[in-house]
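# Geometric and topological summary
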Amino acid sequence: MTAPRPSTPRKVLGRLSLPERTYVADALRTETVGGVLLLAAAVTALLWANIPALHDSYESVSHFHFGPAALGLDLSVAHWAADGLLAVFFFVAGIELKRELVAGDLRDPKAAALPVVAALCGMAVPALVYVLTNATGGGSLAGWAVPTATDIAFALAVLAVIGTSLPSALRAFLLTLAVVDDLFAILIIAVFFTDDLNFAALGGAVAGLVLFWLLLRKGVSGWYVYVPLALVVWALMYNSGIHATIAGVAMGLMLRCHRHEGENHSPGEHIEHLVRPLSAGLAVPLFALFSAGVSVSGGALVDVFTTPETLGVVLGLVVGKTLGIFVGTWLAARFTRASLSDDLAWADVFAVASLAGIGFTVSLLIGELAFEGDQTMTGAVKVSVLVGSLIAATLATVLLKLRNAKYRRLWEAEERDEDRDGIPDIYEEDDPAYHLRLAGVYERKAAEHRRIAQEKAAARHGLAEVPGGAGDDHHRPA
């Protein structure tokens with residue numbers, strides 16, 4: 001009887017497969033550029049709103065209304081940015097989630113346990129921190145969901161600014177964590193921030209989504225079919241009372257993200273590749289421009305740490321997010337009997353968890369929904385989101401810098417391609433052909449060095465034989 005093979009212990013945050021690594025690299029490259037634009041938009045908004053000569057113009061532009069009133073769409077510029085442009089952002093989030101479910105880490109229940117548990121703990125603990133802070137301080141519990149969101153673009157922008165060569169496994173963990181985080185944030189918005197329902201509009205939106213799904217299944221193509229239909233579904237969803245961004249998520253989840261034979265990219269991957277730059281480069285920065293413009297003064301900053309609602313947001317983002325994700329990751333590894341990758345330490349997980357405390361886009365959106373109608377508290381909560389995100393970014397920068405030399409060595413090992421075939425060497429170590437190619441590379445290098453050595457030796461020998469050569473100064477004419 002043959003003895004059963006011992007199963008290889010599963011590694012937490014181990015090396016990605018080559019296709020997954022390529023996808024993550026492409027996605028993060030776009031998100032990083034978008035994150036830098038997001039940072040620029042946030043700074044512009046703060047300057048525009050706080051310079052006395054420009055403040056009135058910011059208010060005028062933000063509150064300027066346009067759109068067909070007969071369709072219930074006479075909205076302000078800020079409203080269009082929050083409900084319209086963010087639908088594009090959530091559309092991309094829906095595609096990302098679908099891809100993770102059918103082709104990424106989330107398709108394997110064992111592998112999915114890590115980011116799902118980490119994301120759930122990373123949302124539950126900040127909410128708990130907020131509730132405890134306000135319960136003891138006598139504040140409002142309405143903003144419990146504000147510190148639950150992670151802004152992946154902002155987090156990656158911080159990485160780009162500090163120049164940390166984070167290994168692909170940690171970057172992928174951060175991206176997957178943010179995708180799951182976005183899903184639960186969407187559910188929170190749909191369940192807790194929906195008041196009165198217009199069932200006629202909701203029925204129309206559902207019918208539009210069904211038509212969208214049928215057209216996809218029939219293989220109908222053409223942007224001129226789907227873009228007008230998407231706009232109709234979005235408008236109906238907005239008028240139904242459910243937050244309009246839910247329409248974007250629903251349509252993203254309907255796209256096919258697995259590849260058929262002969263396909264280089266699935267339709268979902270292709271559309272994501274086209275729409276992601278629009279989301280990261282335009283939709284999210286414009287939302288930040290018209291959402292982050294709050295008056296920030298010395299008194300407002302002091303109030304952040306003395307008002308229960310704002311203090312709860314800051315503590316939720318900085319303390320709750322970090323502890324929640326770190327503990328969730330440890331629990332997932334502990335109870336699935338997985339061990340951390342040999343290249344990383346738990347300090348690395350803690351550093352990435354602190355980076356996830358940067359909550360911006362969705363936190364600002366939930367803050368507006370939680371305190372709708374209370375402009376003073378809405379502005380204060382926005383300031384607390386900015387302050388909490390800044391503290392989390394600073395903490396993550398310090399922690400990641402402490403390990404930056406280690407990260408750089410890991411990153412260089414992941415990128416090394418000595419045989420120049422376009423595939424990192426680390427993925428070809430078990431391929432005999434790779435070693436033959438590498439042997440050829442070394443042989444050519446050795447032959448080149450032998451040739452240079454022979455030329456140098458010949459030149460030195462010839463110089464020594466020339467009369468009056470080097471070292472023969474007494475024959476030199478005066």
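Residues numbered from 1 in each chain as written. Predicted model: local features only at pLDDT ≥ 70, side-chain atom pairs only at ≥ 80, totals over all residues. Heavy atoms only, no water.

## Section: the overall build of the protein
For the protein, the count of helices and strands is 17 helices and four strands. Counting the 478 residues in the protein, one finds 47% classified as buried. With an accessible surface of roughly 23500 Å², the protein has 65% of that area assigned to carbon and sulfur atoms. (Helix = DSSP H or I, 4+ residues; strand = E, 2+ residues; numbered from the N terminus. Buried < 20%, exposed > 50% of the residue type's maximum accessible area, 1.4 Å probe, protein only. Areas by Shrake-Rupley, 256 points an atom, 1.4 Å probe, with all protein chains shown as cover.)

## Quick word on the packing of aromatic side chains
Inspection of every chain in the model, using the stated rule, returns 13 aromatic pairs. Pairing Trp-144 with Phe-192 gives two aromatic rings, centres 5.1 Å apart and planes at 85°, and the pair type is edge-to-face. Pair noted here: Trp-144 is in the loop between helix 4 (109-137) and helix 5 (152-162) and Phe-192 is in helix 6 (residues 168-192), with a separation of 48 residues, a long-range link. For Trp-144, a relative accessible area of 25% translates into the label partly exposed. Arranged with centres 6.0 Å apart and planes meeting at 85°, the rings of Phe-326 and Trp-346 form a pair that is edge-to-face. With Phe-326 in helix 12 (residues 308-335) and Trp-346 in helix 13 (residues 346-355), the pair connects residues that are 20 residues apart, well separated along the chain. (Phe/Tyr/Trp six-rings, centres within 6.5 Å; stacked < 30°, edge-to-face > 60°.)

## Brief notes about the environment of Thr-44
For Thr-44, the location among the structural elements is in helix 1 (residues 18-50). A relative accessible area of 39% places Thr-44 in the partly exposed class. When the C-alpha positions of Thr-44 and Phe-290 are compared, they lie 9.8 Å apart, and in sequence the two are 246 residues distant.

## Here's the deal with helix 12
Considering bend angle alone, the principal kink of helix 12 is centred on Gly-316 and spans about 40°. Looking one or two residues past helix 12, Arg-337 carries a phi angle of roughly 55°, positive in sign. (Bend = angle between axes of the 7 residues up to and from the residue.)

## Observations regarding the pattern of salt bridges
One pass over the structure, following the stated rule, counts nine salt bridges. Across the pair Glu-272 and Arg-276 runs a salt bridge whose closest N-O atoms are separated by 2.2 Å. On the criterion of helical spacing, the pair formed by Glu-272 and Arg-276 is a turn pair, its members being four residues apart in helix 10 (residues 267-291). The exposure class of Arg-276 is buried, given its relative accessible area of 4%. Among the charged side chains, a network of salt bridges with common partners joins Glu-96, Glu-272 and Arg-276. (Salt bridge = Lys/Arg side-chain N within 4 Å of Asp/Glu carboxyl O.)

## Thoughts on the packing of helix 10 against helix 14 (residues 361-370)
The interhelical angle for the contact between helix 10 and helix 14, taken along N-to-C directions, is 45°, at an axis separation of 10 Å. When the axes of helix 10 and helix 14 are compared, the pair comes out oblique. When the axes of helix 10 and helix 14 are compared, the crossing they make is left-handed. Contacts between helix 10 and helix 14 pair Val-284, Phe-287 and Ser-291 from the former with Thr-361, Leu-364, Leu-365 and Glu-368 from the latter. In terms of residue class, the contact of helix 10 with helix 14 is built from four nonpolar, two polar and one charged. (Axes fitted to C-alpha atoms, helices over the stretch in contact; angles between N-to-C directions. Parallel < 35°, antiparallel > 145°, perpendicular 65-115°, else oblique. Left-handed = near helix turned anticlockwise from the far one by under 90°. Contact = heavy atoms within 4.5 Å. Nonpolar A, V, L, I, M, F, W, Y, C, P; charged D, E, K, R; others polar.)

## Here's the deal with the confidence of the model for the protein
Overall, the predicted model of the protein reaches an average pLDDT of 82, with 84% of residues at or above 70. When pLDDT is averaged over each helix and strand of the protein, the minimum, 60, is found for strand 1 (residues 11-12) and the maximum, 93, for helix 7 (residues 199-217). (pLDDT = per-residue confidence, 0-100.)

## Some remarks on helix 14
At 3.6 residues per turn, the α-helix brings residues three or four places apart onto the same side. For helix 14, the buried fraction is high: nine of the ten residues fall into the buried class. Listed as buried for helix 14 are Thr-361, Val-362, Ser-363, Leu-364, Leu-365, Ile-366, Gly-367, Leu-369 and Ala-370.

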